[in-house]
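Architecture at a glance
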Amino acid sequence: MQVVILKDTDAVAEYGAQLFIKQLAKKTDAVLGLATGSTPVALYQKLIAANKRGEVSFKDSCSFNLDEYLGLAGDHPQSYRYFMQQQLFDHIDIDAAQTFVPAGDTDNPIAACQDYEDMIREKGGIDIQLLGIGTNGHIGFNEPSSGLMSRTRVKTLAPATISDNARFFSADEEQPHLSITMGIGTILDSRQSVLLATGAAKASAIAATVEGPLTAACPASALQMHPNSVVVIDEEAASKLENTEFYKHVERENQKLKAKLGL
Ligand code: GLP
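Notes on the structure in this doc start here. Starting afresh in each chain, residues are numbered from 1 along the sequence in its written order. Residues qualify for local features only when their pLDDT is at least 70, as the model is predicted, and side-chain atom pairs are given and counted only at 80 or more; totals for whole chains, interfaces and linings, by contrast, use all residues. Side-chain figures throughout are based on the complete set of non-hydrogen atoms in the structure, without hydrogens or water.

**Examining the sheet that holds strand E4 (residues 67-69)**
Rules: A pair of strands is considered paired only if DSSP assigns at least 2 bridges between the two. Under the scheme used here, helices are H or I runs from DSSP no shorter than 4 residues and strands are E runs no shorter than 2 residues, and both carry numbers assigned from the N terminus. Every axis corresponds to a line fitted to the C-alpha atoms, with the helix fit spanning only the stretch in contact, and the corresponding angles, defined between N-to-C directions, vary from 0 to 180 degrees.
In space, the three strands of this open sheet follow the order E4-E8-E7, with antiparallel pairing throughout. With partners counted over all chains shown, the strands left at the sheet margins are E4 and strand E7 (153-156), one partner each. With strand direction ignored, the average angle separating the axes of adjacent strands in the sheet is 30 degrees. Here E4 runs beside strand E8 (residues 178-181); their pairing, made up of three bridges, is antiparallel. Its bridge partner lying in E8, Tyr 69 is registered against Ser 179.

Here it is as structure tokens:
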């Protein structure tokens, strides 16, 4: 697991955006794994700006989002489909028909989960998966106790997640308690994973992810098993890590090596 500690949220977003831009430069028809939450918004703004400047194109790519609230149709303002349209898809040259988000309004969630897995496989698997992290260590909606080899399925949200996400719902809106989420096994199958976290509220979850044991009690710790995983965080999110100086040293060495190899 590569740990990159940067000074602020803007630097975190820029680092993450560059990984997506490099991936698309290498493979124009890349399969992108995308995430919701407040953390990726700055990264999406950077991708939109780069797309408008002609520095990156999404026209041959496709995307799969991590999760969706069960019970919300895509035109519901709190649905993750709606969020993605507003925050990214409506502003870039991606083919709308090639953007996939689990079907929150499905009559048959079990079949919808299997269909999602099948579609990811048919597209050749996810090349680069963006992740945020919950304060309880969840990735997607894989709450603590999620199976570390789980696949896309219906998950019940933890009370901590419901309260963390309550800020997005107005008093008259009913907040869903169920979701469809890629499983941890689905996420581990991605060829590269990029987890972003900023702010002190994420510091305990990041410490558990990076330096804690591999455990379903912190679903993001499963990324310790990922063959190509990077955790990009700001100083506040890094504040409970013990080995920060070592991670910074490793990153300097990585950058030197990349410069030498022209990567
Ligand atoms: C939601 C999403 C997660 C996301 C998390 C953190 O629960 N299902 O994928 O990582 O929120 O969100 P934020 O970035 O707003 O802290």
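**What to know about the nonpolar core**
Short version of the rule: Working definition of a nonpolar core: buried Ala, Val, Leu, Ile, Met, Phe, Trp, Tyr and Cys residues. They are joined through side-chain atoms within 4.5 Å. Relative accessibility under 20% of the residue-type maximum defines a buried residue, over 50% an exposed one, and the middle range a partly exposed one, all with a 1.4 Å probe and only protein chains included. We call two residues contacting when some pair of their heavy atoms lies within 4.5 Å.
Tyr 44, Leu 195, Ile 206 and Ile 233 are the most contacted members of the largest nonpolar core, which has 68 residues in total. In contact with Ile 206, other than residues within four places in its own chain, are Ile 133, Leu 195, Ala 197, Glu 211, Val 231, Ile 233, Ala 237 and Leu 241. Counting residues in each nonpolar core, the second largest holds seven residues, with Leu 72, Tyr 80, Phe 141 and Phe 169 among its members.

**So, the layout of surface pockets**
Note the cut-off: Within this scheme a cavity is a closed region of a 1 Å grid, computed over the protein atoms alone, that accommodates a 1.4 Å probe without allowing it to escape, whereas a pocket is open but has protein on both sides within 12 Å along at least five of seven lines; lining residues each have an atom within 4 Å of a point. Grid points are joined across faces, edges and corners, and a volume is the space filled by probe spheres set on the points. Gly is placed with the polar residues, together with every amino acid not listed as nonpolar (Ala, Val, Leu, Ile, Met, Phe, Trp, Tyr, Cys and Pro) or charged (Asp, Glu, Lys and Arg).
Put simply, the largest pocket is a space of about 610 Å³. Residue lining of the largest pocket: 32 residues in total, with Thr 36, Gly 37, Ser 38, Asn 165 and Arg 167 positioned closest to the centre. Contributions of two or more residues to the lining of the largest pocket are made by E4, helix H3 (80-87) and helix H5 (159-165). For the second largest pocket, the calculated volume is near 390 Å³. In terms of residue count, the dominant contributor to the lining of the second largest pocket is helix H1 (residues 9-26) (five residues). Residues belonging to the lining of the second largest pocket are distributed by class as follows: four nonpolar, five polar and five charged.

**Description of empty space enclosed by the protein**
In total, this model carries one cavity of 30 Å³ or more according to the counting rule given. When its volume is computed, the largest cavity comes out at roughly 40 Å³. Partitioning the lining of the largest cavity into residue classes produces nine nonpolar, no polar and no charged.

**Some details on helix H2 (residues 41-52)**
Heads up, the rule is: Expected helix span is computed as 1.5 Å times (number of residues minus one).
Here H2 contains 12 residues, and its C-alpha end-to-end distance of 17 Å stays within 8% of the 16 Å for a straight helix at 1.5 Å per residue. Lining the buried residues of H2 we find H1, strand E2 (31-34), H3, strand E6 (128-131) and strand E9 (193-197). Positive phi appears at Gly 54, one or two residues downstream of H2, with a value of about 80 degrees.

**What about the packing of aromatic side chains?**
We count it as follows: Stacked, edge-to-face and tilted are the three classes for Phe, Tyr and Trp ring pairs, Trp counted by its six-membered ring, which pair at centre distances within 6.5 Å; planes under 30 degrees apart are stacked, over 60 edge-to-face, the rest tilted.
Enumeration according to the criterion identifies seven aromatic pairs in this entry. Consider the rings of Tyr 80 and Phe 141, whose centres lie 5.8 Å apart with planes at 15 degrees: the pair is stacked. Placement of Tyr 80 in helix H3 and of Phe 141 in the loop between E6 and E7 is noted, with a sequence separation of 61 residues between them. A single burial state applies to Tyr 80 and to Phe 141, both of which are buried. A connected cluster of aromatic rings, assembled from ring pairs, spans Tyr 69, Tyr 80, Phe 141 and Phe 169.

Scope: geometric values only; no functional claims are made or implied.
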